[in-house]
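Chain residues, written in single-letter form:
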Amino acid sequence: MLDFNDLIFKLETDVINFKTDLKYKLKKSAIELSLRKLSATEIDKLMECVNQAVSFWVFPVREHCHDIKDEERKREKLADIDKFRNYLTLNTLYQLVVKKEKCVYIHMSWDPMENLSESVRDSEISCLYMPVKTHMFVYGDKVMLDDTIYYDSLQNSTENLNSMNSGERKTKLKSINEYLNLFSNNK
């Protein structure tokens, strides 16, 4: 079971740079105050859903980091990815628990849209390897990709693993070749 002090640790924003620091510190404080009104079970369920959603967007970006040979550049890129993870987590939690929205819409057309674009911009990460044409809806107890379940807190771990694998197979990653083709077709 997750206690409030553990949650505060998980929401640490020490990787956030100075220019966006205040915005995310305020969001973090508002989230922490709002979470005090929820039970430990509700917090666990919510955090697991948000973590699954954020991991979906972070994983393909992180995977392409392994190809970087320069260790210094690789560390910088991984730090940016960690910032992105924190920003997207905070933005999603803020909408769910502070603004009390029924769900958070995370959308990637050829470019990130809405709160995904804010997290990409603030973390200064490249969105090059994120899934394109992907619509995600994050609720307090489940995550939907388009109209299919990606993660559901009511499902067992095997069912969730099958749902997540199925969802990832349906998504399309934007590659450098797709970017080049996109721009060459516009000429």
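Here the structure is shown first, and the text comes after it.
Criteria and thresholds
- Residues numbered from 1 in each chain as written.
- Predicted model: local features only at pLDDT ≥ 70, side-chain atom pairs only at ≥ 80, totals over all residues.
- Heavy atoms only, no water.
- Phe/Tyr/Trp six-rings, centres within 6.5 Å; stacked < 30°, edge-to-face > 60°.
- Helix = DSSP H or I, 4+ residues; strand = E, 2+ residues; numbered from the N terminus.
- Lys NZ or Arg CZ within 6 Å of the ring centre and 35° of its normal.
- Pairing = 2+ DSSP bridges.
- Contact = heavy atoms within 4.5 Å.
- Axes fitted to C-alpha atoms, helices over the stretch in contact; angles between N-to-C directions.
- Left-handed = near helix turned anticlockwise from the far one by under 90°.
- Buried < 20%, exposed > 50% of the residue type's maximum accessible area, 1.4 Å probe, protein only.

(A) Representation of the packing of aromatic side chains in the model. Evaluation of the coordinates by the stated rule reveals four aromatic pairs. Both rings, one in Phe-56 and one in Tyr-150, keep their centres 5.3 Å apart while their planes meet at 75°; by these two values the pair is edge-to-face. Of this pair, Phe-56 sits in helix α3 (residues 40-63) while Tyr-150 sits in strand β6 (residues 148-152), and the two are 94 residues apart along the sequence. Above the plane of the ring of Tyr-94 lies Lys-27, whose end atom (NZ or CZ) is 5.3 Å from the centre.

(B) Region of the structure containing the sheet that holds strand β5 (residues 142-145). Here five strands make up an open sheet; going across it, the order is β2-β1-β4-β5-β6 and the pairing antiparallel. One side of each edge strand has no neighbouring strand; the edge strands of this open sheet are β2 (112-113) and β6. Where strand β4 (residues 134-138) lies against β5, three bridges are found, and the strand directions are antiparallel. The residue bridging Val-138 from the neighbouring strand is Val-143, located in β5. Contacting β1 (104-108), β4, β5 and β6, α3 crosses the sheet at an angle of about 165° to β4. Relative to the sheet, helix α4 (residues 71-98) contacts β1 and β4, its axis offset from that of β1 by approximately 140°.

(C) Focus on the packing of α3 against α4. Contact geometry for α3 and α4: axes closest at 10 Å, N-to-C directions at 150°. The element α3 and its partner α4 pack so that their crossing is right-handed. On the side of α3, the interface is formed by Leu-46, Met-47, Val-50, Asn-51, Val-54, Ser-55, Trp-57, Val-58, Val-61 and Arg-62, while α4 contributes Leu-78, Ile-81, Asp-82, Phe-84, Arg-85, Leu-88, Thr-89, Thr-92, Leu-93, Leu-96 and Val-97.

(D) How the structure looks around the pairing of β1. Across the five residues of β1, four count as buried, placing the element largely inside the fold. Bridging between β1 and β4 involves five bridges; their strand directions are antiparallel. The partner of His-107 across the bridge, within β4, is His-135. Note: β1 against β2, two bridges, orientation antiparallel. In the sheet register, His-107 faces β2, and the bridge partner there is Met-113. Between β1 and β2, which pair antiparallel in sequence order, lie three residues.

(E) Main features of the pairing of β4. In β4, alternate side chains face the same way, and those of Thr-134, Met-136 and Val-138 are buried while those of His-135 and Phe-137 on the opposite face are not. What sits between the antiparallel neighbours β4 and β5 is a turn of three residues.

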